[in-house]
Amino acid sequence: MDPFVVLALVAAIVVVFLVASSVRIVPQARRYNVERFGRYRRTLQPGLNLVVPVADRINTKLDVREQVYSSDPRPVITEDNLVVNIDTVLYYQITDPRAAAYEVADYLQAIDQLTVTTLRNVIGSMDLEETLTSREEINSRLRAVLDDATGKWGIRVNRVEIKAIDPPHTIKEAMEKQMRAERDKRAAILHAEGERQAKILTAEGTKQKDILEAQGTQQAMILRADGEAKAVELVFQAVHRNNADAKILAYKYLETLPHLANSDNNTFWVIPGELTEAIRTVTTAFGDQSAAGPPQPAQPEEATTAAPGDTSYESRTPELGAAGSTAALDAVAAADEAGRQAAAAVSDAKAEAEAAKSPQTPRRGQTPGG
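As a further point, take the sheet that holds strand 3 (residues 39–44). The three strands lie next to each other as 3-2-5, forming an open sheet whose pairing is antiparallel. The two strands at the open ends of the sheet, each matched to only one other strand, are strand 3 and strand 5 (56–63). Each neighbouring strand pair of the sheet contributes to a mean axis angle of 25°, computed without reference to strand direction.

Right, here's the structure in full:
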């Protein structure tokens, strides 16, 4: 083969190698740090880039997107000397590829160790209860410390979150018992409040019911009283319209007396003081009617005038007197009978009242067995 052809082929291969070595294509969201003869030269941006072959070398390739780093559980001692395991999640982003490559040897390990030391400082000033309830405060303090420390490393910490806080097993059991007791307490309080509200509503309902019943009873009594008043007024007007005399009123009075003791609730019965006056009025009425007697037919004038020597008139006069005395006795007997009937009605009323008071006592006119 011709030596010139061989040299041409070698030269072509070298040129192709040099051209391929001088061209670098950087993907989106990537940054390449270029060193020339071991010294930082520049950072390649996304796209097509040219470098000096042999002299320039790509040292580090970095991803500038936001990344997530989750650390392992780390033991931390609280202020009340309890050991808790805390997991953290870190969200960071590389803002300066040169500083991230040359200012710190391993930025992930540096961030992890800084997170652990900051957590121990923050949690060491809190007790367990405050640690469990102050996650936002812990996150804010961690982010402030990490952002300040990682700024010179070309890294920005966007967010720090505590993923889990695991207290010891015995503390978990105690917390569960406390939580159960709190829930039982709230349940008992709610139950008591419910019963109290129910009793209040029941009392209000009973009160409204009593008020309505009392109002109904009041209205009924008022209407009943109005009816009785109108009835009495009508009776009074009828009596005065018919011009009833004292004899009829006394008789109706005696007729009404036996009905006064018919109520089952009466334990005693008082005899009115007007009873004797009513009996006297009825007696007078019967006496006057008996004394008056039936109307006699008119006698002839000659029959009424007797001769001077006739003794038949004188003999008839005692007969009229005897008839008048008999009529008077009949009136007295009628009055006595009315009095006895009134007394019997009073006795029956008293017996019924005593029988209603003591149900075991047999009533009048009944045998103990019957």
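Okay, the pairing of strand 7 (residues 74–77) next. Two elements, strand 7 and strand 8 (residues 83–94), share four bridges in a ladder whose sense is antiparallel. Bridge pairing in strand 8 places Pro75 opposite Asn85.

Moving on: the nonpolar core. Counting 29 residues, the largest nonpolar core has Ile86, Leu90, Ile138 and Ile155 as the members making the most contacts within it. Within the residue set of this core, elements represented by two or more residues are strand 8, helix 3 (107–123), helix 5 (135–150) and strand 9 (155–166). Considering each element in turn, this core owes the most residues, seven residues, to helix 3. When neighbours within four sequence positions are excluded, Leu90 is seen to be in contact with Gln67, Val68, Tyr69, Ile111, Leu146, Val157, Arg159 and Val160. Counting residues in hydrophobic clusters, the runner-up holds five residues, among them Val26, Val34, Leu44 and Val51.

Attention now goes to the confidence of the model for the protein. Summing up the model confidence of the protein, the mean pLDDT is 76 and the portion of residues at 70 or higher is 66%. The spread of mean pLDDT over the elements of the protein runs between helix 9 (residues 301–304), the lowest at 38, and strand 2 (residues 30–36), the highest at 92. In this model residues 360–370 is a low-confidence stretch, pLDDT under 50, and it forms seven contacts with partners more than four residues away in sequence or in other chains.

Inspection of the entire model under this criterion finds eight salt bridges. Ionic pairing is found between Arg141 and Glu137, a salt bridge with its closest N-O pair at 4.0 Å. One end of the pair, Arg141, and the other, Glu137, are both in helix 5, four residues apart, so they sit about a helical turn from each other. Given the relative accessible area of 35%, Arg141 is considered partly exposed. The partly exposed category is assigned to Glu137, whose relative accessible area is 38%.

Scoring rules and cut-offs
Residues numbered from 1 in each chain as written. Predicted model: local features only at pLDDT ≥ 70, side-chain atom pairs only at ≥ 80, totals over all residues. Heavy atoms only, no water. Pairing = 2+ DSSP bridges. Helix = DSSP H or I, 4+ residues; strand = E, 2+ residues; numbered from the N terminus. Axes fitted to C-alpha atoms, helices over the stretch in contact; angles between N-to-C directions. Core = buried A, V, L, I, M, F, W, Y, C linked by side-chain atoms within 4.5 Å. Buried < 20%, exposed > 50% of the residue type's maximum accessible area, 1.4 Å probe, protein only. Contact = heavy atoms within 4.5 Å. pLDDT = per-residue confidence, 0-100. Salt bridge = Lys/Arg side-chain N within 4 Å of Asp/Glu carboxyl O.

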